[in-house]
Amino acid sequence: MLVIGVTTLFRFFYCLWLPILPDETYYFQWARHLDASYFSKGPAVAYTIAAGTAIFGANNLGVRFFAVMLSAGTAWQMFLLARRWYDETTALIAVLITNVVPIYALGAVVMTIDPLSAFFWIWAAHLFSRAIQEERMRDWLLTGFAVGSGFLAKYLNALELVAFLAFLLIVPTRRPWLLKPHFWLMLGVAVLCTTPVWWWNWQHGWVSATQLSERGHLNGPFEIHLSTFLNFLGLQALVLSPWLFLALMMTVLIVIVRRFPRKGVRIHEGELLLFLLFLPVFLMYAVLAWHLKEEPNWPAISYLSLIIIMAAQWRKMIAAQTGGQPFIIFAFIFAWLQTLLMHDPEIFPLPQKMDPMSRVVGWSEIAAHLDDLRNEQQADVLICDAYKEASVFSFHLPDHAFIYTLRHVPPSNQFDFWPGYPTGPTHRALWITGESSPYALRHDFNTITFVERVIVSFRGKPFREYTIYRCENKEQPSVP
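Residues numbered from 1 in each chain as written. Predicted model: local features only at pLDDT ≥ 70, side-chain atom pairs only at ≥ 80, totals over all residues. Heavy atoms only, no water.

Brief notes about the packing of helix H1 (residues 2-17) against helix H4 (residues 60-85)
Defined as follows: Axis lines are fitted through C-alpha atoms, for helices just across the contact stretch, and the angle between N-to-C directions can take any value from 0 to 180 degrees. Under the scheme used here, helices are H or I runs from DSSP no shorter than 4 residues and strands are E runs no shorter than 2 residues, and both carry numbers assigned from the N terminus. In these notes the angle categories are as follows: under 35 degrees is roughly parallel, over 145 is roughly antiparallel, 65 to 115 is roughly perpendicular, and the rest is oblique. Each crossing gets its handedness from the near helix: less than a right angle anticlockwise from the far helix is left-handed, clockwise is right-handed. Here, residues are in contact when the closest pair of their heavy atoms is within 4.5 Å. In this count, Pro and Cys sit with the nonpolar residues alongside Ala, Val, Leu, Ile, Met, Phe, Trp and Tyr, while Asp, Glu, Lys and Arg are called charged and the others, Gly among them, polar.
Running from N to C, H1 and H4 cross one another at 160°; their axes reach a closest spacing of 10 Å. Between H1 and H4, the angle falls in the class roughly antiparallel. Along this stretch, H1 crosses H4, giving a crossing that reads as right-handed. Within the contact between the two elements, H1 uses Ile4, Thr8, Arg11, Phe12, Cys15 and Leu16 and H4 uses Asn60, Leu61, Arg64, Phe65, Val68, Met69, Ser71, Ala72, Ala75 and Trp76. Broken down by class, the residue content of the contact of H1 with H4 amounts to 11 nonpolar, 3 polar and 2 charged.

A short note on the pairing of strand S3 (residues 428-433)
Residues in a regular strand point their side chains to alternate faces of the sheet. Applied cut-off: Categorising residues by exposure relies on relative accessible area from a 1.4 Å probe, with only protein chains included: less than 20% of the type maximum marks a residue as buried, more than 50% marks it as exposed, and the intermediate range marks it as partly exposed. Only when DSSP finds a minimum of two bridges between them are two strands counted as paired.
Of all 6 residues in S3, 5 are buried; the element is thus mostly enclosed. Looking at chain direction, strand S1 (residues 381-384) and S3 are connected through 4 bridges and run parallel. Note on S3: the bridge partner recorded for Cys384 is Ile432. Inspection of the sheet shows S3 paired to strand S5 (residues 461-472) by 6 bridges, in the antiparallel sense. By the bridge assignment for S5, Thr433 is matched with Thr467.

Concerning the packing of aromatic side chains
Formally: Stacked, edge-to-face and tilted labels apply to pairs of Phe, Tyr and Trp rings (six-membered ring for Trp) whose centres lie within 6.5 Å, assigned for plane angles under 30 degrees, over 60, and everything in between, in that order. Sitting over a ring, as applied to charges here, requires NZ of Lys or CZ of Arg to be within 6 Å of the ring centre and within 35 degrees of the ring normal.
Per the counting criterion, the structure on display carries 48 aromatic pairs. Residue placement shows Lys180 over the ring face of Trp177; its charged tip is 4.2 Å from the ring centre. One cation-aromatic arrangement involves Arg464 over Trp363; the distance from NZ or CZ to the ring centre is 3.9 Å.

Observations regarding helix H15 (residues 269-288)
Note the following rule: To estimate how far a helix should reach, multiply one less than its number of residues by 1.5 Å. Two axes enter the definition of the bend at a residue: one is fitted to the seven residues ending there, the other to the seven starting there, and the bend is the angle between them.
Over its 20 residues, H15 extends 29 Å from the first C-alpha to the last, a length consistent with the 28 Å expected when each residue adds 1.5 Å. Along H15, the largest kink reaches about 25° and is centred on Leu279; proline Pro280 follows within four residues of it. By the criterion of burial, H15 is predominantly enclosed, with 15 of the 20 residues buried.

A look at unusual backbone geometry
In terms of backbone geometry, most residues other than glycine have negative phi values and most peptide bonds are trans. Residue Pro410 is reached from Val409 by a cis peptide bond, and omega for that bond is 0°. Within the element layout of this structure, Pro410 appears in the loop between strand S2 (404-405) and S3. For Ser241, which is not glycine, the phi dihedral falls at a positive 85°.

A look at the sheet that holds strand S4 (residues 447-458)
As summarised here, the arrangement of the 5 strands in space is S2-S1-S3-S5-S4, forming an open sheet in which the pairing is mixed. The outermost strands of the open sheet, each flanked by one partner alone, are S2 and S4. Contacts from helix H18 (residues 363-376) reach S1, S3, S4 and S5, with the element oriented near 150° to S4.

Some details on helix H10 (residues 181-193)
What counts is decided by this rule: This arc is taken over the directions from the axis of the helix to the C-beta atoms.
Over its 13 residues, H10 runs 18 Å from end to end, which matches the ideal 18 Å to within 8%, given 1.5 Å per residue. For H10, the full list of buried residues reads His182, Phe183, Met186, Ala190 and Cys193. Across the axial projection of H10, the buried residues extend over an arc of 100°, all falling on one side. Packing partners of the buried residues in H10 comprise helix H7 (113-134), helix H8 (137-153), helix H9 (159-170) and helix H11 (195-203).

Notes on the pattern of salt bridges
For clarity, the cut-off: Only one rule defines a salt bridge in this text: a Lys or Arg side-chain nitrogen within 4 Å of an Asp or Glu carboxyl oxygen.
According to the stated counting rule, one finds 14 salt bridges in the structure shown. We note a salt bridge from Asp139 to Arg130, for which the minimum N-O separation is 2.8 Å. Among the residues examined, Asp139 registers a relative accessible area of 0% and is labelled buried. A salt bridge links Arg374 to Asp399; its shortest N-O distance comes to 2.8 Å. Of this pair, Arg374 sits in helix H18 while Asp399 sits in the loop between helix H19 (387-396) and S2, placing them 25 residues apart in sequence. With relative accessibility at 12%, the residue Arg374 sits in the buried group.

Examining a nonpolar patch on the surface
Cut-off, in case you're wondering: Note that patches include only residues with greater than 30% relative accessible area and no salt bridge, and the join distances are 9 Å for like charges and 5 Å for nonpolar side chains (Val, Leu, Ile, Met, Phe, Trp, Tyr). Areas reported here follow the Shrake-Rupley algorithm with a probe of radius 1.4 Å; residue values treat only the protein chains shown as occluding.
A cluster of nonpolar side chains, namely Trp243, Leu246, Met250, Leu253, Phe327, Phe330 and Phe334, defines an oily patch on the protein surface of about 620 Å² accessible area. When residues of the nonpolar patch are traced back to their parent elements, those giving at least two are helix H14 (242-259) and helix H17 (325-343). Take the nonpolar patch: its biggest share by element is 4 residues, from H14. Along the chain, the position of Phe330 falls in helix H17. A relative accessible area of 42% places Phe330 in the partly exposed class.

Below, the structure is given as structure tokens:
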């Protein structure tokens, strides 16, 4: 609890210092337009941000408060889960490892779908473990609630039900649960929790399913590319820390070797369950990695249970003094230093494209200038090319004015489901564009005037450039 408490306190200070990310501002817009679900995700992240901003205001703390609290809850549930299947020392080692994994450490202060997904994933795993051991109906129902709530954050959380079912089928002593109402009531509660997503998609032509298919490149032939798979492995090693990633992959091999049937050897139920929680998610993304380039955070929740298995192995190595202690110490310290450097990249400046701070530079400055410009130009409408700029500029404006985007048919983001910009003669718009032609809005405005070009520098070099136009519909003089 001391480790979790100190870490959480640091994260609260850090989340106030770290400028808000574009993804967070996009979800902030969702929170201002609460709905049953959204184009690409369930509604959990929107309602979580809405709760935080209702308490603390539309600022860093309001957006990120629950991200930090959820990360603390995830660490505590990992401790309880590891202690249930192993012991307190293993549980403490698992929490310490998780705190130095770069993707978990940085993701713990950023309010996206991942803190919600990770918390509900590990909470459901602990509830399921308690349910099969203590045989209480309440735990089975809570497990269904946790899985269903995780689905409302990230659809991937539904795969946890596959892991639970596989565990009950594989372990003979647990198989009778499939004939009892407990498992099926758990499944019913999980499905019930997901109904907002199904209802919203039914109302909007199942656009989320189409979006997932397109994002996974599943609407075409499955072409295999070795380069994308190698890129997947490289990114996983980078965000998990190379030596920890190597240790986790070695843990996978050890578990697989142990699973070969050997007479007289009893299967460790906890290890099997934790491994099954890792396997389907990692395998799915490993297979997809042969086909498309993936984001490094996609399989992140799969490693949580694998870290517990690795922690148990590390504890045995330390206790037996088998000679693995130097590697354990080196891997842990290396990951801690990597996480420390990623918290403050200015210690060792990186190239522009590799520097994570490049994602946050310049947004507030452009928004402040845009606020002055709209007053100067007497504009009451702001338009951007894409949802990222529209979201981040809106967040940084003093009044958080809503910024419209260009429309897409078929829809490509959540802005396409919200009202479009007004074009009447009583309105004057400022259009902030990075790449679009000035003729892109000709069908909506008959007068488009160049205002200025804004350039943002990062580490002394031009980094972002936007052109601003004034758009309006002036009355044309009548022809005699």
